[in-house]
Amino acid sequence: MTSSMVVPVIDVQNDNFKELWPAMVLAIKTASFIALDTELSGLGNRKALLAECIEDRYKAICNAARTRSILSLGFACYKKLENKDDDDTYLVQVYNLTLLCSEEYVIEPQSVQFLVQHGFDFNKQYAEGVPYLRGNDRRVDAHGMNMRMLFVELLRARKPLVLHNGLIDMVFLYQCFYAQLPDKLGTFTADLSQMFPAGIYDTKYATEYELRFAASYLEYAYKKCKLDNSKSIEAGGGGRHLFLEFCKYSVPLSNYVDYRPCLAGFSPDGLLNVCQRFSAYGWCPNGSQCPLSHDTDLIIQHDEKEKKKKRKRKRKNSSQGKVEGAPKSKEPHMELKQDQVIPDKDTKPPPLTELVDGAQMPETDEKMKTKVEEGNGVREPQPLATPDAEKKEESKRKKLEGGTHRAGFDAFMTGYIFSYAATLTERVGKPPSSESWLPECLNKVYLSGKSVPMHIVKSTFSKSFKAHLHKMDVVWGKGVVSKVEGTV
């Protein structure tokens, strides 16, 4: 059983963007690390996004970023608090920005359908979205408070950047808020290494190769981290554990806060009829019409039971044992972006809808004794006494699932996974490096269907993009980077 928690997410749109600017910039500057997530208007050719050649994949994503747009940007600022005994405690601030590209862009019907099903308000986006222009800077972007300058503040903060399956996010962020994308992948990664000197971390890579959970889609990884943290706390003993605190917002900020409920999980008796496709990928072609369970809490419980069975079989016959925590399927799959559906799931694994089915995500919050400041509305889980009560609870749960998918909350989940992984690293006797939170994951981005990640480094053969050098002049002052770098 896990306890309930409510996560405050500050909604930002055009009419309050300038008012919230000081708070956003302060949160960014004081954070220990920043987690990001995006909602996109589409991705274009799905087959090209899974190309065997990574350079071809990059070109396909670039084409999508130049013709599509970011509809919503979420970021979660995690500030590690000192003098908190032997545990890791973070003060977390979460922002969800509704955006509107001021240029023509493609929006795909399936993206619209998915986002509407999960509570995205397109009327609000077109009426109140924060405007921005893609590509290189224009005269209008040079000064003032706007999205491009907010991205500059993010770069100036020199904080570790955390994403989940982050290649697509990084390409879109570069095109929408930074500069025109370079044609070559090597130039792009060279630019990123300078843009984020504190490092880039991908929680999907960390989940697959460090935590080694049974599945690595965002909601599953988030809830599994919370569950494991909760179990560790309840078991007592030494070692570090993860705790969170949230700000208690007062007027006028409280007027913009959307409290996202993380409902308590429960352990029903009897057979768990889990949808295997959703269990593995966080996506199912039948959607809400699927007769099997898409409840991530139940899926994790099912996986825990299966793990125990495997351990028993291994004890009986060690030759039949399998590596615990290995991914459920070695079939290459593309965790594209939240709303992107790949019709033929037998040949191409699901899209990043796992991020979407992050629509279910905010449900359970582990019984991890999360520290929440007054006024955050923590609710105690209520027992389900009768079948009728169970049905009502399930109906309530489904309604919440339909409207809780947000870029802001996805960013919060991404940050939670990262902070838990960092805490776990310390718990098992690996002290954090002075230069890296998770040394084994530093500047490694997950690549679908590949056994090795993409490394964010500047090779001796790569030159920086001219547009990037211009932006570095804006960020750090004229000539700081240009004097020591070649250009393309």
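Residues numbered from 1 in each chain as written. Predicted model: local features only at pLDDT ≥ 70, side-chain atom pairs only at ≥ 80, totals over all residues. Heavy atoms only, no water.

Participant: Looking at this structure, I do not really get the nonpolar core. What am I missing?
Facilitator: Within soluble globular proteins, side chains that are nonpolar generally end up buried alongside one another. Counting 79 residues, the largest nonpolar core has Leu 97, Met 147, Phe 177 and Phe 188 as the members making the most contacts within it. No other element matches helix α7 (residues 167-177), which puts 9 residues into this core. Residues contacting Met 147, with those up to four places away along its chain left out, are Phe 17, Leu 73, Leu 97, Leu 99, Val 130, Pro 131, Tyr 132 and Phe 177. Counting 48 residues, the second-largest nonpolar core is a separate cluster that includes Ala 35, Tyr 205, Leu 242 and Ile 299. (Core = buried A, V, L, I, M, F, W, Y, C linked by side-chain atoms within 4.5 Å. Buried < 20%, exposed > 50% of the residue type's maximum accessible area, 1.4 Å probe, protein only. Helix = DSSP H or I, 4+ residues; strand = E, 2+ residues; numbered from the N terminus. Contact = heavy atoms within 4.5 Å.)

Participant: Any chance you could explain empty space enclosed by the protein here in plain terms?
Facilitator: To find leftover empty space, one rolls a probe the size of a water molecule over the atoms. Across all of its chains, the model carries 4 cavities of 30 Å³ or more by this definition. Approximately 90 Å³ is the volume found for the largest cavity. Lining the largest cavity are Ile 28, Ile 34, Leu 36, Leu 73, Phe 75, Met 147, Leu 150, Phe 151, Leu 154 and Leu 173. Among the secondary structure elements, those contributing two or more residues to the lining of the largest cavity are β2 (33-40), β3 (70-81) and α6 (147-156). In terms of residue count, α6 provides more of the lining of the largest cavity than any other element does, 4 residues in total. By residue class, the composition of the lining of the largest cavity is 10 nonpolar, no polar and no charged. (1 Å grid on protein atoms, 1.4 Å probe; cavity = no way out; pocket = protein on both sides within 12 Å on 5 of 7 lines; lining within 4 Å. Points joined across faces, edges and corners; volume = space filled by probe spheres on them. Nonpolar A, V, L, I, M, F, W, Y, C, P; charged D, E, K, R; others polar.)

Participant: What am I meant to see in the pairing of strand β8 (residues 242-246) here?
Facilitator: Note on strand geometry: in a regular strand, side chains alternate between the two faces of the sheet. Burial analysis of β8 places 5 of its 5 residues in the buried class, which makes it a mostly covered element. Burial along β8 is two-sided: the residues Leu 242, Leu 244 and Phe 246 and Phe 243 and Glu 245 are all buried. As defined by bridge partners, strand β4 (residues 88-101) adjoins β8 across 5 bridges and the pair is classed as parallel. The residue of β8 that forms the bridge with Tyr 90 is Leu 244. (Pairing = 2+ DSSP bridges.)

Participant: What is the right way to read unusual backbone geometry from this model?
Facilitator: Leaving glycine aside, a negative phi is the common case for residues, and trans is the common case for peptide bonds. Along the chain, Val 251 connects to Pro 252 via a cis peptide bond; the corresponding omega equals 10°. Here Pro 252 shows up in the loop between β8 and β9 (257-262).

Participant: Before we go on, may I ask you to explain the pairing of β9 in this structure?
Facilitator: In terms of residue burial, β9 counts as a mostly covered element, since 5 of its 6 residues are buried. Where strand β1 (residues 5-12) and β9 come together, 6 bridges link them in antiparallel fashion. Bridging across to β9, Met 5 finds its partner in Cys 262.

Participant: Whenever I open this one, the pattern of salt bridges confuses me. Can you help?
Facilitator: Pairs can form between side chains of opposite charge whenever their charged atoms are close. Applying the stated rule across the entire model yields 17 salt bridges. Where Arg 406 meets Asp 11, a salt bridge forms, and the shortest distance between an N and an O atom there is 2.4 Å. Residue Arg 406 is found in the loop between α14 (387-403) and α15 (407-427), and its partner Asp 11 is found in strand β1; the two are separated by 395 residues along the sequence. With a shortest N-O distance of 2.8 Å, Asp 137 and Arg 148 are connected by a salt bridge. With Asp 137 in the loop between β5 (130-132) and α6 and Arg 148 in helix α6, this residue pair connects regions lying 11 residues apart in the sequence. By relative accessible area, Asp 137 is classed as partly exposed at 25%. One continuous salt-bridge network, built from bridges that share partners, spans Asp 11, Asp 258, Arg 260 and Arg 406. (Salt bridge = Lys/Arg side-chain N within 4 Å of Asp/Glu carboxyl O.)

Participant: Which parts of the structure should I look at to understand the packing of aromatic side chains?
Facilitator: The description of an aromatic ring pair rests on the distance of the ring centres and on the angle between the ring planes. Applying the stated criterion across every chain yields a total of 26 aromatic pairs. Arranged with centres 4.9 Å apart and planes meeting at 15°, the rings of Phe 33 and Tyr 78 form a pair that is stacked. With Phe 33 in strand β2 and Tyr 78 in strand β3, this pair connects stretches of sequence that are 45 residues apart. Residues Phe 33 and Tyr 78 agree in their burial class; the two are buried. Seen in terms of ring centroids, Phe 75 and Tyr 95 are 5.1 Å apart; in terms of plane orientation they differ by 20°. Their pairing is stacked. Placement of the pair is Phe 75 in strand β3 and Tyr 95 in strand β4, with a sequence separation of 20 residues. Using a relative accessible area of 3% as the deciding quantity, one classes Phe 75 as buried. Ring-pair connections join several aromatic residues into one group, and the members of that group are Phe 33, Tyr 78, Tyr 90, Tyr 201, Tyr 222, Phe 246, Phe 409, Phe 412, Tyr 416, Phe 418 and Trp 437. The ring of Trp 476 carries Arg 158 above its face, with NZ or CZ at 4.3 Å from the centroid. Across from the ring centre of Tyr 446, 4.9 Å away, lies the NZ or CZ of Lys 204, which sits over that ring. (Phe/Tyr/Trp six-rings, centres within 6.5 Å; stacked < 30°, edge-to-face > 60°. Lys NZ or Arg CZ within 6 Å of the ring centre and 35° of its normal.)

Participant: Even after reading the chapter, I still don't get the environment of Glu 219, so can you show me in this structure?
Facilitator: In this structure, Glu 219 sits in helix α10 (residues 218-235). The exposure class of Glu 219 is buried, given its relative accessible area of 0%. As for Glu 219 and Thr 414, which are separated by 195 residues in sequence, their C-alpha atoms are 9.0 Å apart.

Participant: Before we go on, may I ask you to explain the packing of helix α1 (residues 17-30) against α6 in this structure?
Facilitator: Between two packed helices, what matters for the description is the angle formed by their axes and the separation of those axes. Where α1 contacts α6, the two axes come as close as 10 Å, and the packing angle between them is 15°. Classed by the angle they form, the pair α1 and α6 counts as roughly parallel. Seen from above, α1 lies across α6 with right-handed handedness. Across the interface between the two elements, Phe 17, Trp 21, Met 24, Val 25, Ile 28 and Lys 29 of α1 pack against Met 147, Met 149, Leu 150, Glu 153 and Leu 154 of α6. Its residues placed into classes, the contact of α1 with α6 shows 9 nonpolar, no polar and 2 charged. (Axes fitted to C-alpha atoms, helices over the stretch in contact; angles between N-to-C directions. Parallel < 35°, antiparallel > 145°, perpendicular 65-115°, else oblique. Left-handed = near helix turned anticlockwise from the far one by under 90°.)

Participant: Can you help me understand a negative patch on the surface in this one?
Facilitator: Taken together, Asp 15, Glu 19, Asp 121 and Glu 128 make up a surface patch of like negative charges. Within the element layout of this structure, Asp 15 appears in the loop between β1 and α1. The exposed category is assigned to Asp 15, whose relative accessible area is 58%. (Patch = residues over 30% accessible without salt bridge, like charges linked within 9 Å, V, L, I, M, F, W, Y side chains within 5 Å. Areas by Shrake-Rupley, 256 points an atom, 1.4 Å probe, with all protein chains shown as cover. Lys, Arg positive; Asp, Glu negative; His and termini not counted. Charge placed at Lys NZ, Arg CZ, Asp CG, Glu CD.)

Scope: geometric values only; no functional claims are made or implied.
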